[in-house]
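# Structural characterization, general
What follows is each chain in one-letter form.
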Amino acid sequence: VTDPYVDLAESFVDHYATLRGAVRQALVAEQVHDHLPVANARVCDVGGGAGHQAIPLARAGHHVVVVDPSEEMLDRLAAALDHQPAAVAARVTSVLMAGEDAPAQLGAGGFDAVLCHGVLMYLDDPRDLVHSLVRLARPGGMVSLLAKNASALALRPALQGRWEDAVTNFDAVADVGNLGAVTRGDTVESLTDVLDAAGADVVAWYGVRVLTDHRTGEPVEPDFPLVLEAEKRAAATDPYRQVGRLIHLVASRR
Ligand SMILES: C[S@@+](CC[C@H](N)C(=O)[O-])C[C@H]1O[C@@H](n2cnc3c(N)ncnc32)[C@H](O)[C@@H]1O
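This is a predicted model, so every value here is computed, not measured. (Residues numbered from 1 in each chain as written. Predicted model: local features only at pLDDT ≥ 70, side-chain atom pairs only at ≥ 80, totals over all residues. Heavy atoms only, no water.)

## Describing the sheet that holds strand β5 (residues 137-148)
In spatial order, the strands read β3-β2-β1-β4-β5-β9-β8; together these seven strands make up an open sheet with mixed pairing. The open sheet has two free edges, formed respectively by β3 (92-96) and β8 (200-208), since each of these has just one partner strand. Neighbouring strand axes in the sheet, compared pairwise and without regard to direction, differ in orientation by 15° on average. Sheet topology places β5 next to strand β9 (residues 246-253); seven bridges connect them, and they run antiparallel. Note that in β9 the partner of Ser144 across the bridge is Val250. Contacting β1 (42-46), β4 (111-117), β5, β8 and β9, helix α7 (residues 127-136) crosses the sheet at an angle of about 145° to β5. (Pairing = 2+ DSSP bridges. Helix = DSSP H or I, 4+ residues; strand = E, 2+ residues; numbered from the N terminus. Axes fitted to C-alpha atoms, helices over the stretch in contact; angles between N-to-C directions. Contact = heavy atoms within 4.5 Å.)

## Considering helix α2 (residues 19-35)
If you check α2, its first and last C-alpha atoms are 25 Å apart, about what 17 residues at 1.5 Å a residue would give, namely 24 Å. Taken residue by residue, α2 has Leu19, Arg20, Gly21, Ala22, Val23, Arg24, Leu27, Val28, Gln31 and Val32 as its buried positions. (Expected span 1.5 Å × (residues − 1). Buried < 20%, exposed > 50% of the residue type's maximum accessible area, 1.4 Å probe, protein only.)

## Description of the packing of α7 against helix α10 (residues 188-198)
The contact between α7 and α10 brings their axes to 9 Å, and the two run at 50°. By the angle between their axes, α7 is oblique relative to α10. For the crossing formed where α7 meets α10, the hand is right-handed. Contacts from Arg127, Val130, His131 and Val134 of α7 reach α10 at Val194, Leu195, Ala197 and Ala198. Looking at the contact of α7 with α10 residue by residue, the class counts come to six nonpolar, one polar and one charged. (Parallel < 35°, antiparallel > 145°, perpendicular 65-115°, else oblique. Left-handed = near helix turned anticlockwise from the far one by under 90°. Nonpolar A, V, L, I, M, F, W, Y, C, P; charged D, E, K, R; others polar.)

## Remarks on the nonpolar core
By size, the foremost hydrophobic cluster in this structure holds 34 residues, and its most contacted members are Val32, Val43, Leu57, Val66, Leu77 and Val92. When residues in this core are grouped by element, the largest group, six residues, is from α2. The residues contacting Val32, other than those within four sequence positions of it, are Leu57, Leu115, His117, Met142, Ser144 and His248. Ranked by size, the runner-up nonpolar core spans 31 residues in total, among them Val134, Val188, Leu191 and Ala251. (Core = buried A, V, L, I, M, F, W, Y, C linked by side-chain atoms within 4.5 Å.)

## Let's talk about the environment of His63
Its place among the elements puts His63 in strand β2 (residues 63-68). Taking relative accessible area as the criterion, His63 reaches 42% and is therefore assigned partly exposed. As a C-alpha pair, His63 and Arg156 span 93 residues in sequence and 36 Å in three-dimensional space. For His63, the residues in contact, after removing those within four places along its chain, are Ala41, Arg42, Val43 and Arg91.

Right under this line is the structure:
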(Lines give C-alpha, C1' and ligand atoms only; values in the text may rest on other atoms or scores of the structure.)
Protein backbone atom coordinates (compact mmCIF):
# COMPACT_ATOMS: atom_id res chain seq x y z
CA VAL A 1 0.00 0.00 0.00
CA THR A 2 1.40 3.41 -0.90
CA ASP A 3 1.57 5.88 1.95
CA PRO A 4 -0.26 8.98 0.60
CA TYR A 5 1.59 11.20 3.08
CA VAL A 6 5.15 10.39 1.92
CA ASP A 7 5.36 13.46 -0.30
CA LEU A 8 3.85 15.75 2.31
CA ALA A 9 5.77 14.51 5.36
CA GLU A 10 8.76 16.80 4.92
CA SER A 11 6.54 19.86 4.48
CA PHE A 12 4.46 18.97 7.56
CA VAL A 13 7.65 18.95 9.60
CA ASP A 14 9.37 21.99 8.02
CA HIS A 15 6.24 24.10 8.47
CA TYR A 16 6.85 24.39 12.21
CA ALA A 17 10.06 26.39 11.62
CA THR A 18 8.07 29.24 10.00
CA LEU A 19 6.21 32.09 11.65
CA ARG A 20 2.87 30.59 10.65
CA GLY A 21 3.81 27.14 11.93
CA ALA A 22 5.18 28.50 15.18
CA VAL A 23 2.03 30.56 15.82
CA ARG A 24 -0.15 27.52 15.30
CA GLN A 25 2.01 25.26 17.45
CA ALA A 26 2.23 27.69 20.37
CA LEU A 27 -1.44 28.73 20.36
CA VAL A 28 -2.90 25.26 20.05
CA ALA A 29 -0.54 23.82 22.67
CA GLU A 30 -1.59 26.49 25.15
CA GLN A 31 -5.29 26.05 24.42
CA VAL A 32 -5.00 22.27 24.85
CA HIS A 33 -3.08 22.77 28.11
CA ASP A 34 -5.83 25.10 29.43
CA HIS A 35 -8.52 22.46 28.88
CA LEU A 36 -6.76 19.20 29.81
CA PRO A 37 -8.95 17.69 32.53
CA VAL A 38 -6.17 16.22 34.69
CA ALA A 39 -2.41 16.27 35.26
CA ASN A 40 -0.48 13.28 33.89
CA ALA A 41 -3.32 12.63 31.45
CA ARG A 42 -3.76 9.66 29.16
CA VAL A 43 -3.85 11.31 25.73
CA CYS A 44 -4.58 9.83 22.29
CA ASP A 45 -3.25 11.98 19.43
CA VAL A 46 -5.06 10.79 16.30
CA GLY A 47 -3.14 11.73 13.15
CA GLY A 48 -0.37 12.77 15.53
CA GLY A 49 2.24 12.40 12.78
CA ALA A 50 5.78 13.36 13.75
CA GLY A 51 4.86 14.19 17.35
CA HIS A 52 4.59 17.98 17.37
CA GLN A 53 1.83 17.71 19.97
CA ALA A 54 2.86 14.42 21.56
CA ILE A 55 6.43 15.34 22.51
CA PRO A 56 5.62 18.61 24.35
CA LEU A 57 2.75 16.81 26.12
CA ALA A 58 5.08 13.99 27.17
CA ARG A 59 7.62 16.55 28.40
CA ALA A 60 4.81 17.98 30.57
CA GLY A 61 4.24 14.55 32.13
CA HIS A 62 1.34 13.25 30.04
CA HIS A 63 1.22 9.79 28.45
CA VAL A 64 0.49 9.92 24.73
CA VAL A 65 -0.55 7.26 22.23
CA VAL A 66 -0.02 8.53 18.66
CA VAL A 67 -2.37 6.89 16.14
CA ASP A 68 -1.42 7.47 12.50
CA PRO A 69 -1.78 5.43 9.27
CA SER A 70 1.44 6.85 7.78
CA GLU A 71 4.61 4.83 8.32
CA GLU A 72 6.61 7.79 7.02
CA MET A 73 5.21 10.09 9.71
CA LEU A 74 5.69 7.53 12.48
CA ASP A 75 9.32 7.05 11.38
CA ARG A 76 9.79 10.77 11.92
CA LEU A 77 8.18 10.49 15.33
CA ALA A 78 10.59 7.68 16.24
CA ALA A 79 13.56 9.78 15.06
CA ALA A 80 12.37 12.77 17.11
CA LEU A 81 11.91 10.59 20.20
CA ASP A 82 15.54 9.44 19.88
CA HIS A 83 16.54 13.02 20.76
CA GLN A 84 14.37 13.16 23.88
CA PRO A 85 15.33 12.13 27.41
CA ALA A 86 14.49 8.46 27.99
CA ALA A 87 11.74 9.26 30.51
CA VAL A 88 9.98 11.52 27.97
CA ALA A 89 10.33 9.04 25.10
CA ALA A 90 8.91 6.31 27.36
CA ARG A 91 5.69 8.28 27.73
CA VAL A 92 4.99 8.23 23.96
CA THR A 93 3.86 5.12 22.08
CA SER A 94 2.63 4.89 18.50
CA VAL A 95 0.21 2.68 16.61
CA LEU A 96 0.12 2.44 12.81
CA MET A 97 -3.57 2.63 11.88
CA ALA A 98 -6.37 4.96 10.84
CA GLY A 99 -8.18 6.79 13.62
CA GLU A 100 -11.48 5.27 12.50
CA ASP A 101 -10.13 1.85 13.63
CA ALA A 102 -8.71 3.05 16.94
CA PRO A 103 -11.68 2.40 19.31
CA ALA A 104 -11.83 -1.25 18.21
CA GLN A 105 -8.06 -1.66 18.66
CA LEU A 106 -7.38 0.50 21.73
CA GLY A 107 -10.73 0.17 23.49
CA ALA A 108 -13.46 2.78 23.97
CA GLY A 109 -13.46 5.32 26.78
CA GLY A 110 -9.83 4.91 27.80
CA PHE A 111 -8.47 8.43 27.32
CA ASP A 112 -8.67 11.65 29.33
CA ALA A 113 -8.05 13.61 26.12
CA VAL A 114 -8.24 12.85 22.41
CA LEU A 115 -6.58 15.22 19.95
CA CYS A 116 -7.08 15.35 16.20
CA HIS A 117 -5.22 18.29 14.70
CA GLY A 118 -4.81 19.02 11.01
CA VAL A 119 -6.42 15.77 9.88
CA LEU A 120 -10.13 16.36 9.11
CA MET A 121 -9.18 18.59 6.16
CA TYR A 122 -7.74 15.53 4.37
CA LEU A 123 -10.99 13.53 4.67
CA ASP A 124 -14.05 13.84 2.40
CA ASP A 125 -16.38 13.54 5.38
CA PRO A 126 -15.34 14.08 9.01
CA ARG A 127 -18.19 12.14 10.66
CA ASP A 128 -16.73 8.62 11.00
CA LEU A 129 -13.47 9.89 12.41
CA VAL A 130 -15.14 12.29 14.86
CA HIS A 131 -17.36 9.45 16.11
CA SER A 132 -14.24 7.39 16.75
CA LEU A 133 -12.53 10.28 18.55
CA VAL A 134 -15.48 10.72 20.91
CA ARG A 135 -15.62 6.97 21.57
CA LEU A 136 -11.95 6.96 22.53
CA ALA A 137 -12.55 9.61 25.24
CA ARG A 138 -13.88 8.70 28.68
CA PRO A 139 -17.04 10.50 29.91
CA GLY A 140 -15.88 14.01 30.86
CA GLY A 141 -12.80 13.52 28.68
CA MET A 142 -11.71 16.19 26.24
CA VAL A 143 -11.87 16.03 22.43
CA SER A 144 -9.76 18.64 20.62
CA LEU A 145 -10.26 19.24 16.88
CA LEU A 146 -8.14 21.53 14.71
CA ALA A 147 -9.70 21.98 11.28
CA LYS A 148 -9.54 24.31 8.32
CA ASN A 149 -12.10 27.13 8.55
CA ALA A 150 -14.47 26.88 5.56
CA SER A 151 -16.02 30.26 6.51
CA ALA A 152 -12.91 32.32 5.81
CA LEU A 153 -11.22 30.78 2.77
CA ALA A 154 -11.18 34.08 0.84
CA LEU A 155 -9.05 35.91 3.39
CA ARG A 156 -5.59 34.43 2.73
CA PRO A 157 -5.59 34.91 -1.06
CA ALA A 158 -7.09 38.40 -0.67
CA LEU A 159 -4.42 39.54 1.80
CA GLN A 160 -1.79 38.08 -0.55
CA GLY A 161 -3.23 39.99 -3.53
CA ARG A 162 -4.45 36.84 -5.29
CA TRP A 163 -7.79 38.34 -6.18
CA GLU A 164 -9.07 35.67 -8.56
CA ASP A 165 -8.58 33.01 -5.87
CA ALA A 166 -10.16 35.31 -3.29
CA VAL A 167 -13.32 35.80 -5.32
CA THR A 168 -13.57 32.04 -6.06
CA ASN A 169 -13.06 31.16 -2.40
CA PHE A 170 -16.12 33.02 -1.16
CA ASP A 171 -18.15 30.06 -2.46
CA ALA A 172 -15.56 27.31 -1.94
CA VAL A 173 -15.47 24.59 0.72
CA ALA A 174 -11.93 23.47 -0.18
CA ASP A 175 -8.82 25.16 -1.53
CA VAL A 176 -5.13 24.54 -2.12
CA GLY A 177 -3.44 24.58 1.27
CA ASN A 178 -0.02 25.99 2.01
CA LEU A 179 1.59 22.58 1.41
CA GLY A 180 0.16 22.34 -2.10
CA ALA A 181 -2.60 19.78 -1.47
CA VAL A 182 -6.29 20.60 -1.93
CA THR A 183 -7.88 20.35 1.51
CA ARG A 184 -11.44 20.70 2.75
CA GLY A 185 -12.80 23.15 5.29
CA ASP A 186 -15.32 22.68 8.09
CA THR A 187 -17.24 25.28 10.10
CA VAL A 188 -17.62 25.75 13.85
CA GLU A 189 -21.35 25.08 13.40
CA SER A 190 -20.93 21.90 11.33
CA LEU A 191 -18.30 20.41 13.67
CA THR A 192 -20.38 21.36 16.72
CA ASP A 193 -23.26 19.35 15.19
CA VAL A 194 -21.01 16.39 14.31
CA LEU A 195 -19.57 16.35 17.85
CA ASP A 196 -23.06 16.60 19.35
CA ALA A 197 -24.29 13.66 17.25
CA ALA A 198 -21.24 11.69 18.42
CA GLY A 199 -21.92 12.48 22.09
CA ALA A 200 -19.70 15.47 22.93
CA ASP A 201 -20.47 19.12 23.78
CA VAL A 202 -18.28 22.00 22.60
CA VAL A 203 -16.96 23.92 25.62
CA ALA A 204 -14.75 26.44 23.79
CA TRP A 205 -13.59 27.34 20.31
CA TYR A 206 -10.75 29.46 18.96
CA GLY A 207 -9.67 30.97 15.65
CA VAL A 208 -6.06 30.07 14.89
CA ARG A 209 -3.81 32.32 12.77
CA VAL A 210 -6.12 35.26 12.41
CA LEU A 211 -3.40 37.90 11.95
CA THR A 212 -0.40 36.10 10.43
CA ASP A 213 -1.88 33.47 8.11
CA HIS A 214 -1.04 35.33 4.89
CA ARG A 215 2.68 35.67 5.75
CA THR A 216 3.68 32.50 3.92
CA GLY A 217 7.31 31.41 4.19
CA GLU A 218 8.36 34.08 6.71
CA PRO A 219 10.67 33.08 9.55
CA VAL A 220 9.96 33.49 13.26
CA GLU A 221 10.76 37.12 14.15
CA PRO A 222 12.44 38.59 17.25
CA ASP A 223 9.10 40.12 18.29
CA PHE A 224 7.44 36.69 18.24
CA PRO A 225 6.20 36.99 21.86
CA LEU A 226 4.17 40.07 20.85
CA VAL A 227 2.90 38.39 17.69
CA LEU A 228 1.77 35.51 19.86
CA GLU A 229 0.11 37.79 22.38
CA ALA A 230 -1.87 39.46 19.59
CA GLU A 231 -2.83 36.11 18.03
CA LYS A 232 -3.89 34.80 21.44
CA ARG A 233 -6.24 37.73 21.95
CA ALA A 234 -7.63 37.38 18.41
CA ALA A 235 -8.08 33.60 18.85
CA ALA A 236 -10.63 34.05 21.62
CA THR A 237 -12.34 37.31 20.63
CA ASP A 238 -15.22 38.01 18.24
CA PRO A 239 -15.22 39.08 15.46
CA TYR A 240 -11.50 38.30 14.93
CA ARG A 241 -11.62 34.57 15.70
CA GLN A 242 -14.28 33.99 13.03
CA VAL A 243 -11.76 34.61 10.23
CA GLY A 244 -8.91 32.45 11.52
CA ARG A 245 -7.48 30.13 8.89
CA LEU A 246 -8.00 27.24 11.32
CA ILE A 247 -10.68 26.58 13.91
CA HIS A 248 -9.87 24.84 17.17
CA LEU A 249 -12.85 23.23 18.92
CA VAL A 250 -12.60 21.80 22.42
CA ALA A 251 -15.40 19.44 23.42
CA SER A 252 -16.26 17.29 26.41
CA ARG A 253 -17.65 13.75 26.09
CA ARG A 254 -21.05 13.40 27.75
C1 LIG B 1 -0.94 17.62 8.53
S2 LIG B 1 -0.50 16.16 9.38
C3 LIG B 1 -0.82 16.70 11.02
C4 LIG B 1 0.09 16.08 12.03
C5 LIG B 1 -0.11 16.56 13.48
N6 LIG B 1 -1.44 16.24 13.99
C7 LIG B 1 0.16 18.03 13.62
O8 LIG B 1 -0.80 18.77 13.88
O9 LIG B 1 1.31 18.43 13.47
C10 LIG B 1 -1.86 15.06 9.02
C11 LIG B 1 -1.69 13.67 9.61
O12 LIG B 1 -2.96 12.97 9.56
C13 LIG B 1 -2.70 11.62 9.31
N14 LIG B 1 -3.96 11.00 8.87
C15 LIG B 1 -4.54 11.07 7.66
N16 LIG B 1 -5.70 10.37 7.63
C17 LIG B 1 -5.88 9.86 8.88
C18 LIG B 1 -6.88 9.05 9.51
N19 LIG B 1 -7.95 8.61 8.83
N20 LIG B 1 -6.72 8.70 10.81
C21 LIG B 1 -5.63 9.14 11.50
N22 LIG B 1 -4.66 9.91 10.95
C23 LIG B 1 -4.78 10.26 9.67
C24 LIG B 1 -1.57 11.66 8.30
O25 LIG B 1 -0.88 10.44 8.20
C26 LIG B 1 -0.70 12.79 8.86
O27 LIG B 1 0.26 12.31 9.77
